[in-house]
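Observations on the three-dimensional arrangement
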Amino acid sequence: MSTLYRNAWLAAVPAGVVGYLAFAQVLAAAGAPPTIGHRPSHVIIIVQENRTFDDLFNGYPGANTRRYGYDSTGKIVPLVRRSLKTNYDLDHSHTGFETEWNGGKLDGFNKERTSGAGAKQPDLAYSYAPYSEVKPLWDLAHEFALADEFFQTNEGPSFPAHQYLIAGQSGHFATANPDPLKPADLGPLAMSENIATRKGANAAGCDSALAGYLEQTIDLSLQTDPQPSRELAPKVAPCANYATILDELRARSFSWRYYTPSYGVLWDAPDAIAHIRFRPAWFNVKVPETSIFDDIALHQLPNVSYVIPRGSLSDHPGGTSAHGPDWVASVANAVGESSYWPDTEIIVTWDDWGGFYDHVQPTIHNAYSDGFRVPAIVISPYARSSYVSHKRRDFGSILRSVETNFACRH
């Protein structure tokens, strides 16, 4: 990990410019006035993978964490320190959420399905990461701002989660529709799982639809999610036409790019939006994700950037490395060492909970939201240093931040 150059960065900030940021207003001290007339010109959203707040920030000073949970028998289960690098993966499907949430009891984590060579170990969901591996994240949180009441909006895995991160939804399909070139929207059905293909669930939206793959939906008109409704919900082509924050930016002549390790993977959120995938806006999807470093160096950074790491740098359990925190710090340092720093906001979050234990009860809005807590860090000269926000927010706060910052609201 490179040295954090916070003091040098702040030296470049105009005097009196502290604490604007639509998202960092949540993270600022109560009653602290926003700076008028100055807003970040660049927002970078880094989306990591599959961790809860209790897993990554357990024991962080001033944050709400706990090192034990309960299982389905009422037994107290201590959280065990386990490396970010694992030989197992935990179920983080919508069914997995329902099992762990268990009607609000938060005691089904011992029933968690696991896969991989290490899957036979008991109670793998009850884990927290060692400080030695997450130190870069803790350093960034200490230097800037951290939210410990930030929730994944959807109750499911990566593919729909990334849709919520660009659109605040994952469907509203009116009917089951097998034609990806004529996506039917504005109904109660939302995409709820990763796309199942013959080679496994590792595919994106419209490209998968063109290959004939379908996506499971859930009925958002339901307040709860009984098993029959999930089993009977129809499948749709995973190719939609709903509005995204990327469309709002373009309509107001602001630039965006979506940096991703490769095209056609389930983290490639714009691939699921037909009017992006099959139109010139698709050229804003940039491969590989490391090209953001070139764009920073060449002074070609867009107004809004989504940065999606490759699996080995994503914190995803199941054979990955433990270098995800270093990756996040490397992006932050690249911006901090550049001329972009004085007017940039970096938001770091995790797309879903990954099946890991978290002790904080989510707010249930309907059959598919909200999900469990995930961490969120704001790295910016506008963020309040060493501050932990306890105000409840979800992925919509990121979209609201971009809308407010770039005046995209209708």
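Coordinates for the structure precede this section.
These numbers were taken from a predicted model, which means no experiment stands behind them.

**A word on the state of the cysteines**
Summed over all chains, the structure comprises one disulfide. Between Cys206 and Cys239 runs a disulfide, and the two sulfur atoms are separated by 2.0 Å. Of note, the bridge from Cys206 to Cys239 carries an S-S torsion of about 85 degrees and is right-handed in sense. On the criterion of sequence distance, the pair formed by Cys206 in helix α7 (residues 206–210) and Cys239 in the loop between β13 (235–236) and α9 (245–251) is long-range, its members being 33 residues apart. Neither Cys206 nor Cys239 differs from the other in exposure class; each is buried.

**Observations regarding the sheet that holds strand β12 (residues 215–219)**
Spatially, β10-β11-β12-β13 is the arrangement adopted by the four strands of the open sheet, whose pairing is antiparallel. Strands at the two margins of the open sheet, each flanked by one partner only, are β10 (171–173) and β13. Where β12 lies against β13, two bridges are found, and the strand directions are antiparallel. Each bridged residue has a counterpart across the sheet, and for Gln216 the counterpart in β13 is Lys235.

**Describing the packing of aromatic side chains**
Counting across every chain of the model gives 21 aromatic pairs. When the ring of Phe109 is compared with that of Tyr357, the centres are 4.9 Å apart and the planes differ by 70 degrees; the resulting orientation is edge-to-face. Taken together, the residues Phe109 in the loop between α4 (94–101) and β6 (114–115) and Tyr357 in the loop between β17 (344–350) and β18 (376–379) connect sequence positions 248 residues apart. For Phe109, a relative accessible area of 1% gives the class buried. Joined through ring pairs, the aromatic side chains of Phe97, Trp101, Phe109, Tyr126, Trp353, Tyr357 and Phe372 make up one cluster. Taking the ring centre of Tyr68 as reference, the NZ or CZ of Arg66 above it sits at 4.5 Å. Stacked on the ring of Tyr128, the Lys or Arg Arg67 has its end atom at 4.1 Å from the ring centre.

**So, the side chain of Asp268**
In this fold, Asp268 is placed in the loop between β14 (256–259) and α10 (274–277). Despite being buried, Asp268 has no salt bridge partner; Arg277 is the closest side chain of opposite charge, sitting 6.5 Å away. Side-chain polar atoms of Asp268 contact the backbone nitrogen of Gly264, separated by 3.3 Å. Apart from the residues lying within four places of it in its own chain, the contact partners of Asp268 are Ala204, Tyr258, Thr260, Ser262, Tyr263, Trp282 and Val285.

Parameters at a glance
- Residues numbered from 1 in each chain as written.
- Predicted model: local features only at pLDDT ≥ 70, side-chain atom pairs only at ≥ 80, totals over all residues.
- Heavy atoms only, no water.
- Disulfide = S-S within 2.5 Å.
- Helix = DSSP H or I, 4+ residues; strand = E, 2+ residues; numbered from the N terminus.
- Buried < 20%, exposed > 50% of the residue type's maximum accessible area, 1.4 Å probe, protein only.
- Pairing = 2+ DSSP bridges.
- Phe/Tyr/Trp six-rings, centres within 6.5 Å; stacked < 30°, edge-to-face > 60°.
- Lys NZ or Arg CZ within 6 Å of the ring centre and 35° of its normal.
- Lys, Arg positive; Asp, Glu negative; His and termini not counted.
- Salt bridge = Lys/Arg side-chain N within 4 Å of Asp/Glu carboxyl O.
- Polar contact = N/O pair within 3.5 Å; in protein donor to acceptor, adjacent residues only side chain to side chain.
- Contact = heavy atoms within 4.5 Å.

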